[in-house]
Amino acid sequence: MAQSKNQADDRKFSCSICLDLLRDPVTIPCGHNYCMSCIETHWNGQDQRGIQNCPQCRKSFNPRPDLVKNTLLAELVEDRKRALLQHAAADQCHAEPGDVACDFCTGRKRKALKSCLVCMVSYCEQHLQPHYESPAFKKHKLVETSVKLQDAICSRHDEVMKMFCRSDQRSICYLCAMDEHKDHDTVSAAAERTEKQRELGQRRQKVQQRIQHREKNVKALQQELEAIYRCADTAVEHSEKTFAELIRLIQKTSSDVKQQVKLQQQTLVQQTKDLQKKLDQEIAELKRKDAELELLSRTEDHTQFLQSYTSLAILIASTDTPRLKASNLPYCEDAMAAVTAARDQIEAVFHDDWMRPSLTKDLDVSLLQAQPETRAEFLEYSSQITLDPNTAGRSLALSDRNRKITFGYDPHQFLNSNHPDKFGHSTQVLSKDGLTGLCYWEVEMSSYASVAVAYKSIPRSDVISCEFGCNKKSWALACGSSYTFKHDNNVISVSGPQSSRIGVYLDHSAGVLSFYSVSETMTLLHRVQTKFTEPLYAGLVLESHSGSTAEFCELE
């Protein structure tokens with residue numbers, strides 16, 4: 001009904017030409033109302049025919065009426081516009097799905113602007129005014145609206161939960177603090193919020209430091225990427241230039257070889273033809289002599305025969321038969337052999353294995369993950385390590401929430417001495433949880449000890465093969481008067497400053513394991529680059545000295 005009434009009112013204040021609310025309304029002599037610009041435009045089109053009439057009733061006017069703004073109607077139109085704007089604003093203030101609705105509105109609820117932690121309700125702009133104006137609400141705390149406001153009410157006592165139990169890590173009301181939580185460590189919610197706010201600030205600082213470190217890594221990777229493009233472009237440009245020169249050289253050499261072969265061919269052909277001509281001449285001469293000898297043989301006069309024979313015999317005795325030199329012919333095979341040898345050499349160069357490893361091997365870790373440099377950067381990846389008692393040897397005693405080991409008798413170790421994960425004959429132990437991704441931890445030692453990582457599938461029964469560093473499934477740095485690194489029974493001497501604290505950095509996906517001497521600075525002792533196929537577990541080994549200890553440090 002209200003919508004129909006609004007539409008009817010809109011029609012009363014609308015121009016029948018533009019169908020919008022009247023702008024600068026004027027009333028013409030017949031009583032109908034129009035926008036001043038609309039009726040003038042209409043009449044301007046009719047002036048060509050000399051006729052001015054009303055678009056609604058068609059009444060004609062002569063002369064053309066003077067138009068004057070109807071101020072009363074203009075004020076009514078403005079009032080209507082304001083009413084429409086207020087109605088639209090009210091519609092926008094109504095709560096939509098997903099909004100927090102005012103708890104005091106009836107009918108269609110408005111959107112709440114604030115929630116009161118004392119009243120435990122939410123208010124729209126209209127119902128919120130008493131909290132701003134009345135002194136009775138001065139101590140009420142207004143906060144941003146929340147759909148979870150009722151979650152702050154104790155379901156048991158129906159009271160606001162203004163306390164926090166640190167023992168159970170949950171919010172409670174003051175009645176809970178006096179009842180089932182009376183022996184617990186309880187503080188006010190505001191005090192706990194202050195403490196958590198401080199921790200939140202520290203966490204944000206760490207996150208921001210990590211963001212800066214990652215942005216630094218991204219920048220380094222971008223520079224590396226640009227260097228890769230530059231290097232590749234230079235290599236391609238150089239190879240294209242070199243291959244072009246090589247092609248020109250091959251073409252020139254091919255032309256030279258062809259020319260030399262043709263020249264040698266022409267020389268030998270000419271020599272052969274000259275020899276052939278000489279032999280043909282000699283054959284003709286011999287045939288002529290043979291005819292003379294045949295004629296002489298038929299001569300019956302003895303004296304004439306003897307005189308002619310002497311001269312013919314001398315000619316026959318001086319005749320020499322030339323032969324072709326066979327040593328001139330292999331020049332073709334020599335040329336082909338030389339060209340074939342050159343081809344084989346070029347083919348050997350460009351079919352070498354120099355390019356295959358660079359195409360198939362993994363990218364260097366420095367490209368994938370920039371290594372931390374300062375201790376603060378390493379601490380961004382700090383991991384809290386807890387030892388697994390089921391893996392500890394019988395001569396090891398665990399303490400300090402299973403973070404510390406001491407060489408000595410521990411009767412609790414014998415209660416589960418047959419556990420399949422136990423290193424029964426070794427003074428070593430593994431962490432409870434596996435490590436993947438980016439991790440960093442530190443170990444403090446009182447005497448000779450080893451810091452290690454290993455797969456969970458490391459052997460357990462055999463005394464030798466289960467020791468850290470004596471198999472392919474573990475890596476160990478022995479620390480004492482000097483350092484040695486051991487993996488798969490291969491021992492490497494390591495030099496570096498002595499320190500009772502060793503830092504271990506693991507980038508599992510990149511296959512990087514680094515050991516550091518920790519003091520005022522971080523000194524790299526040894527780095528492993530490999531491919532890890534299983535999660536790694538942190539390990540400790542103690543030398544057989546009574547009272548010697550090693551523990552995972554609490555890192556902040």
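Residues numbered from 1 in each chain as written. Predicted model: local features only at pLDDT ≥ 70, side-chain atom pairs only at ≥ 80, totals over all residues. Heavy atoms only, no water.

### Description of empty space enclosed by the protein
Piece 1. Counting across every chain of the model gives 1 cavity of 30 Å³ or more.
Piece 2. Here the largest cavity defines a volume of roughly 40 Å³.
Piece 3. Along its surface, the largest cavity is lined by Asp388, Thr391, Asp421, Leu430, Ser431, Lys432, Lys456, Arg460 and Tyr537.
Piece 4. For the lining of the largest cavity, a count of residues per class yields 2 nonpolar, 2 polar and 5 charged. (1 Å grid on protein atoms, 1.4 Å probe; cavity = no way out; pocket = protein on both sides within 12 Å on 5 of 7 lines; lining within 4 Å. Points joined across faces, edges and corners; volume = space filled by probe spheres on them. Nonpolar A, V, L, I, M, F, W, Y, C, P; charged D, E, K, R; others polar.)

### Topic: the pairing of strand E14 (residues 438-445)
Piece 1. Counted residue by residue, E14 has 6 buried out of 8 residues, so it is predominantly covered.
Piece 2. Taken together, the 7 bridges between E14 and strand E19 (residues 501-507) define a ladder with antiparallel strand orientation. Residue pairing for E19: Cys439 is matched across the bridge by Leu506.
Piece 3. Summarising the sheet, E14 and strand E23 (residues 549-552) pair through 3 bridges and their orientation is antiparallel. From the neighbouring strand, Val443 faces E23, where its bridge partner is Phe552. (Buried < 20%, exposed > 50% of the residue type's maximum accessible area, 1.4 Å probe, protein only. Helix = DSSP H or I, 4+ residues; strand = E, 2+ residues; numbered from the N terminus. Pairing = 2+ DSSP bridges.)

### What to know about the side chain of Ser499
Piece 1. Examined against the element boundaries, Ser499 turns out to sit in the loop between strand E18 (490-494) and E19.
Piece 2. Judged by relative accessible area, Ser499 falls into the buried class, the value being 19%.
Piece 3. A distance of 2.7 Å separates a polar atom in the side chain of Ser499 from the backbone oxygen of Val518.
Piece 4. For Ser499, the residues in contact, after removing those within four places along its chain, are Tyr483, Ser517 and Val518. (Polar contact = N/O pair within 3.5 Å; in protein donor to acceptor, adjacent residues only side chain to side chain. Contact = heavy atoms within 4.5 Å.)

### A short note on the pairing of strand E15 (residues 449-455)
Piece 1. For E15, the buried fraction is high: 7 of the 7 residues fall into the buried class.
Piece 2. Both faces of E15 are covered, namely the face carrying Ala449, Val451, Val453 and Tyr455 and the face carrying Ser450, Ala452 and Ala454.
Piece 3. When E15 meets strand E16 (residues 474-479), the two strands line up antiparallel, connected through 6 bridges. Across the sheet, the residue bridging to Ala454 is Ser474, located in E16.

### Brief notes about the state of the cysteines
Piece 1. Taken as a whole and judged by the stated rule, the model has 0 disulfides.
Piece 2. With no disulfide of its own, Cys124 lies 3.7 Å from the sulfur of Cys102, the closest cysteine sulfur.
Piece 3. Free of any disulfide, Cys176 has its nearest neighbouring cysteine sulfur in Cys173, separated by 3.5 Å.
Piece 4. Under the relative-accessibility criterion, Cys176 is labelled buried at 2%. (Disulfide = S-S within 2.5 Å.)

### A closer look at the confidence of the model for the chain
Piece 1. On average, residues of the chain score 82 in pLDDT, and 86% of them are at 70 or above.
Piece 2. Segment residues 356-368: pLDDT under 50, and 11 contacts once partners within four positions in sequence are set aside and those in other chains are kept. (pLDDT = per-residue confidence, 0-100.)

### A word on the sheet that holds strand E5 (residues 114-116)
Piece 1. Spatial strand order, E6-E5-E7: 3 strands in an open sheet with antiparallel pairing. With partners counted over all chains shown, the strands left at the sheet margins are strand E6 (121-123) and strand E7 (142-144), one partner each. Along the sheet, successive strands turn relative to each other by an average axial angle of 40°, direction set aside.
Piece 2. Summarising the sheet, E5 and E7 pair through 3 bridges and their orientation is antiparallel. By the bridge assignment for E7, Lys114 is matched with Glu144.
Piece 3. Most of the contacts of helix H4 (residues 125-133) go to E6, to which it runs at about 105°, and overall it touches E5, E6 and E7. (Axes fitted to C-alpha atoms, helices over the stretch in contact; angles between N-to-C directions.)

### Observations concerning unusual backbone geometry
Piece 1. Geometrically, the link from Asn62 to Pro63 is a cis peptide bond, its omega value of 5° lying close to zero.
Piece 2. Mapped onto the elements, Pro63 comes out in the loop between strand E4 (60-61) and helix H3 (71-93).
Piece 3. Positive phi outside glycine occurs at Gln169, with the angle close to 55°.
Piece 4. Relative to the helices and strands, Gln169 is located in the loop between strand E8 (163-165) and strand E9 (170-172).
Piece 5. At Arg401, a position not held by glycine, the phi torsion is positive, near 55°.
Piece 6. Secondary-structure assignment places Arg401 in the loop between strand E11 (396-399) and strand E12 (404-407).
Piece 7. Overall, the relative accessible area of 60% leaves Arg401 in the exposed class.

### Focus on helix H6 (residues 189-297)
For an α-helix, the turn length of 3.6 residues means that residues three or four places apart are oriented alike.
Piece 1. Between the first and last C-alpha of H6 there are 152 Å, a value that for 109 residues agrees with the 162 Å anticipated at 1.5 Å per step.
Piece 2. Taken residue by residue, H6 has Glu192, His213, Asn217, Leu268, Leu275, Glu282, Lys289 and Leu296 as its buried positions. (Expected span 1.5 Å × (residues − 1).)

### Considerations on the sheet that holds E8
Piece 1. Taken in spatial order, the 3 strands make up an open sheet running E9-E8-E10, and their pairing is antiparallel. Two strands close off the open sheet at either side, each with one partner strand: E9 and strand E10 (186-188). When the angles between neighbouring strand axes are averaged without regard to direction, this sheet yields 35°.
Piece 2. In this sheet, E10 lies alongside E8 in antiparallel orientation, the contact comprising 3 bridges. Paired with Phe164 across the two strands is Val187, which belongs to E10.
Piece 3. This element, H6, spans E8 and E10 of the sheet and lies at about 90° to E10.

### Quick look at the packing of aromatic side chains
Piece 1. Considering all chains together, one arrives at 10 aromatic pairs under this definition.
Piece 2. Pairwise contacts between aromatic rings join Phe378, Tyr381, Tyr440, Tyr505 and Tyr516 into one cluster. (Phe/Tyr/Trp six-rings, centres within 6.5 Å; stacked < 30°, edge-to-face > 60°.)

### Side note on the pattern of salt bridges
Piece 1. Applying the stated rule across the entire model yields 20 salt bridges.
Piece 2. As a salt-bridge pair, Lys69 and Asp24 come within 3.7 Å of each other at their nearest N and O atoms. Of this pair, Lys69 sits in the loop between E4 and H3 while Asp24 sits in the loop between helix H1 (2-12) and strand E1 (25-27), and the two are 45 residues apart along the sequence.
Piece 3. A relative accessible area of 40% places Lys69 in the partly exposed class. (Salt bridge = Lys/Arg side-chain N within 4 Å of Asp/Glu carboxyl O.)

### Structural notes on the nonpolar core
One broad rule of soluble globular proteins: the nonpolar side chains tend to lie buried together.
Piece 1. Membership of the largest hydrophobic core comes to 37 residues, with the highest contact counts inside it found for Ile405, Trp441, Trp475, Leu477 and Leu513.
Piece 2. Sequence-distant contacts of Trp475, that is, excluding residues within four places in its chain, are made with Val451, Ala452, Val453, Tyr455, Phe485, Lys486, His487, Leu513, Val528, Thr530, Phe532 and Leu536.
Piece 3. Residues Phe13, Leu22, Cys54 and Leu73 belong to the second largest nonpolar core, which totals 16 residues. (Core = buried A, V, L, I, M, F, W, Y, C linked by side-chain atoms within 4.5 Å.)

### Examining a nonpolar patch on the surface
Piece 1. Together, Leu225, Ile228 and Tyr229 make up an exposed nonpolar region whose accessible area comes to about 290 Å².
Piece 2. For Ile228, the position within the fold is in helix H6.
Piece 3. Note on Ile228: relative accessible area 39%, which makes it partly exposed. (Patch = residues over 30% accessible without salt bridge, like charges linked within 9 Å, V, L, I, M, F, W, Y side chains within 5 Å. Areas by Shrake-Rupley, 256 points an atom, 1.4 Å probe, with all protein chains shown as cover.)

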